[in-house]
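Architecture at a glance
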Amino acid sequence: MSVNDSLSRNRYVPAQKSHITLADNLSEEQFALLEKICPAGLFQRNAEGQAVINYRGCLECGCCRMIAGHSIITQWRYPASGKGIVLRFG
Ligand code: SF4
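Residues numbered from 1 in each chain as written. Predicted model: local features only at pLDDT ≥ 70, side-chain atom pairs only at ≥ 80, totals over all residues. Heavy atoms only, no water.

**Brief notes about the nonpolar core**
Among the nonpolar cores identified, the biggest contains 17 residues, and I20, L34, F43, C64, A68, I72 and I73 are the most heavily contacted of them. Other than its neighbours up to four places away in sequence, I73 contacts I20, T21, L22, L34, F43, C64, R65 and A68. (Core = buried A, V, L, I, M, F, W, Y, C linked by side-chain atoms within 4.5 Å. Buried < 20%, exposed > 50% of the residue type's maximum accessible area, 1.4 Å probe, protein only. Contact = heavy atoms within 4.5 Å.)

Take a look at the structure:
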């Protein structure tokens, strides 16, 4: 089974607001780091060139928080109770 096949088995209950906040004006180097870190590929540039995160697909693995640090990820919390990913095992 591929990684994409595994990810597609997860179910998400999206919150209204992102549980992850990015620092303003990330450098290309900082953004490239986020792109490499996230196993779900959630960090993107919007039409205006701003770094954004598609938080609704977050795996809640915490890799971006642990590796990028507070200067890039200014806030990381678990989504509110009952929201976020519903992992399926097996
Ligand atoms: S917690 Fe994991 S899945 Fe969620 S944005 Fe960070 S690296 Fe990506």
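**Comments concerning the environment of L59**
The topology assignment puts L59 in the loop between strand 4 (51-53) and helix 3 (63-68). C-alpha separation for the pair L59 and V86, spaced 27 residues apart in sequence, amounts to 9.0 Å. Excluding residues that lie within four positions of it along the chain, L59 makes contacts with L7, N10, Y12, P39, A40 and I85. (Helix = DSSP H or I, 4+ residues; strand = E, 2+ residues; numbered from the N terminus.)

**Remarks on the packing of aromatic side chains**
Applying the stated criterion across every chain, the model contains one aromatic pair. Plain terms: the ring middles of W76 and Y78 are 5.0 Å apart, the flat faces sit at 80° to each other, and that makes the pair edge-to-face. Looking at W76, the relative accessible area reads 12%, which means it is buried. The lysine or arginine in question, R45, covers the ring of F31, its NZ or CZ lying 4.3 Å from the ring centre. (Phe/Tyr/Trp six-rings, centres within 6.5 Å; stacked < 30°, edge-to-face > 60°. Lys NZ or Arg CZ within 6 Å of the ring centre and 35° of its normal.)

**Describing the site of the ligand**
Neighbouring the ligand are 13 residues; C38, C58, C61, G62 and C64 lie closest to it. Across the shell around the ligand, the residue classes tally to twelve nonpolar, one polar and no charged. (Near = heavy atom within 4 Å. Nonpolar A, V, L, I, M, F, W, Y, C, P; charged D, E, K, R; others polar.)

**Here we look at the environment of C64**
Checked against the element boundaries, C64 lands in helix 3. Setting aside anything within four residues of it in sequence, one finds C64 in contact with I20, L34, I37, F43, G69, I73 and W76.

**What about the pattern of salt bridges?**
All chains considered together, the criterion is met by one salt bridge. A salt bridge links E28 to R45; its shortest N-O distance comes to 2.9 Å. One end of the pair, E28, is in helix 2 (residues 28-37); the other, R45, is in strand 3 (residues 43-45), with 17 residues separating them in the sequence. We classify E28 as exposed; its relative accessible area is 56%. For R45, a relative accessible area of 29% corresponds to the partly exposed category. (Salt bridge = Lys/Arg side-chain N within 4 Å of Asp/Glu carboxyl O.)

**Looking at unusual backbone geometry**
Backbone geometry at N25 places phi at a positive 50°, although glycine is not the residue there. Structurally, the position occupied by N25 is in the loop between strand 2 (20-22) and helix 2. Looking at N25, the relative accessible area reads 78%, which means it is exposed. The phi dihedral of E60 falls on the positive side, at around 60°, and the residue is not glycine.

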